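Secondary and tertiary structure notes
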Amino acid sequence: MNTSLLKKLLMATLIAGTYVTALAAMKVGDSLPDLTGFKLEGNVPDSLKGKIVILDFWASWCGPCRESFPAMNDLQKKYGGQGLVILAVNEDEVASDMQDFLKENKATFTVLRDAKQNLVGAAGIQTMPSSLVIDGTGTVRFVHAGFYGDKTRKEYETQIESLLKK
Amino acid sequence: MPHRLKKFILLAGLVVIAGMQTGCDTVKPWQRKTLADPTMSGDLIPLQSAFNDHIYFSREMASGGKGVGGGGCGCN
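Since this is a predicted model, take the numbers as computed values, not measurements. (Residues numbered from 1 in each chain as written. Chains lettered and ligands numbered in written order. Predicted model: local features only at pLDDT ≥ 70, side-chain atom pairs only at ≥ 80, totals over all residues.)

1. Some words on the interface of chain B and chain A
- Contacts between chain B and chain A engage 20 residues on the former and 26 residues on the latter.
- At the level of elements, α1 (3-21) and α2 (33-36) of chain B are the ones that each hand at least two residues to the side of chain B that touches chain A.
- In the side of chain B that touches chain A, the residues fall into 11 nonpolar, 5 polar and 4 charged. (Contact = placed C-beta atoms within 7 Å. Helix = DSSP H or I, 4+ residues; strand = E, 2+ residues; numbered from the N terminus. Nonpolar A, V, L, I, M, F, W, Y, C, P; charged D, E, K, R; others polar.)

Here you go:
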C-alpha cells in the first residue's frame, strides 16, 4: 500500500465520519416500505392499498405530539369514512410511558409502537413529531416536520382533500 | 522522513481515527426523552433567570450568550 493511497483512505475516513450519522430521510416521492418488516407492536393493517395514510411519529415526552392528538382525532372522524388511515407510531423506549400518555390523550386512530425504533430510523425523522402523508399507491406525497396547531391541521385537510380528488 | 516511517504514521492515524469514530454518535430526535425533561432545562426558573440577567446586564453591560446547542426536546 503506498502513501498516497493511505492519505486518500485517511481523508475518506474523516469525511465518512462526518456524514455517517446523517441518515437519509424519507422524502416526497419515496415509497412506503412494507410495515410488517419493522416488528411494530399493535394492529398493523394488512393492506393499505388505495388508502390515504398519515404515518405519524410521536413520543410521550414531546409537547407538540400532545397537541397533535386532538387534530388527528378530528381528521379521523372527518375523513376516516373516505379512506383515511392514521397510523401513529410511538417511539417511547418504555411502554408504560406510551400507555400513560394514551390514558390522558385518547386516540380514535391506530396507535402502533416502534419499540426497537426501526421504522423511525429507516424514515430518518429529523424532528418530533413528524408525519408522512401517503397516497393510495404507497407513495409519500407530503412530509410534515413538527406540529404547529391549526396551521398544520389546515395543511393536513388541504392535502387529504387534494388526494381524495384523484 | 523515511518513507516507511511516513507510511507507519499514516496507517496509525487511520487506525486511530477509525477507532475514535465508533465513539461518535448524535442523540437521535426520537431518543431525547431525558433531554426533554424540564429539569434538564438551563432555564428551570424563568423569573430567577430574568433577575440574574438584569443584574448581569447592569454590571457587565452585556447580556445573553448563555445558550447551549443540542439540548431540550428538539420538538418542532
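2. Overview of the sheet that holds strand β5 (residues 140-145) of chain A
Residues and elements named next belong to chain A.
- Judged by pairing direction, the sheet is mixed, and its 5 strands sit side by side in the order β3-β2-β1-β4-β5 without closing on themselves. Looking at which strands have only one partner, the edges of the open sheet turn out to be β3 (110-113) and β5. Here the average twist between neighbouring strands, direction ignored, is 20°.
- Relative to β5, strand β4 (residues 130-134) is paired through 5 bridges, and the arrangement is antiparallel. Bridge assignment links Ser130 to a residue of β5, and that residue is Ala145.
- The strands touched by helix α2 (residues 63-79) within the sheet are β1 (52-58) and β2 (84-90), with β2 carrying the most contacts at an inclination of about 155°. (Pairing = 2+ DSSP bridges. Axes fitted to C-alpha atoms, helices over the stretch in contact; angles between N-to-C directions.)

3. A few points about α2 of chain A
Residue and element names in this part refer to chain A.
- The end-to-end C-alpha distance of α2, which contains 17 residues, comes to 25 Å, matching closely the 24 Å that a straight helix rising 1.5 Å per residue would cover.
- Along α2, the sharpest change in direction is near 30° and occurs at Phe69; proline Pro70 comes one to four residues later.
- All of the buried residues along α2 are Cys65, Ser68, Phe69, Met72, Leu75 and Tyr79. (Expected span 1.5 Å × (residues − 1). Bend = angle between axes of the 7 residues up to and from the residue. Buried ≥ 20, exposed ≤ 12 C-beta atoms within 10 Å, placed from the backbone.)

4. Considerations on helix α3 (residues 46-60) of chain B
- With 15 residues, α3 of chain B ought to run about 21 Å at 1.5 Å a step, and its terminal C-alpha atoms sit 20 Å apart, in line with that.
- Counting buried residues along α3 of chain B, only 0 of its 15 residues qualify, which leaves the element largely exposed.

5. Thoughts on the nonpolar core
- Cys62, Val89 and Met128 of chain A are the most contacted members of the largest nonpolar core, which has 37 residues in total.
- Sorting the residues of this core by element identifies β1, α2, β2, β3, α4 (118-123), β4 and α5 (150-165) of chain A as the ones contributing at least two each.
- Looking at this core, the element that brings in the most residues is β1 of chain A, giving 6 residues.
- Non-local contacts of Met128 of chain A, meaning those with residues more than four positions away in its chain, are made with Phe57, Trp58, Ala59, Cys62 and Cys65 of chain A together with Pro29, Trp30, Gly74 and Cys75 of chain B. (Core = buried A, V, L, I, M, F, W, Y, C linked by C-beta atoms within 7 Å.)

6. Comments concerning the environment of Arg32 of chain B
Residue and element names in this part refer to chain B.
- Tracing the backbone through its elements, the reader meets Arg32 in the loop between α1 and α2.
- Judged by local crowding, Arg32 falls into the buried class, with 23 C-beta atoms found within 10 Å.
- The sequence separation of Arg32 and Cys73 amounts to 41 residues, and the corresponding C-alpha distance is 5.9 Å.
- The contact partners of Arg32, leaving out residues within four places of it in the chain, are Val27, Cys73 and Gly74.

7. Let's talk about the confidence of the model for chain B
All names here are of chain B.
- Taken over all residues, the pLDDT of chain B has a mean of 83, while the share at 70 or more is 93%.
- The secondary structure element of chain B with the lowest average pLDDT is α1, at 85, and the one with the highest is α3, at 90.
- The ipTM value of the predicted complex is 0.74, and its pTM value is 0.78. (pLDDT = per-residue confidence, 0-100.)

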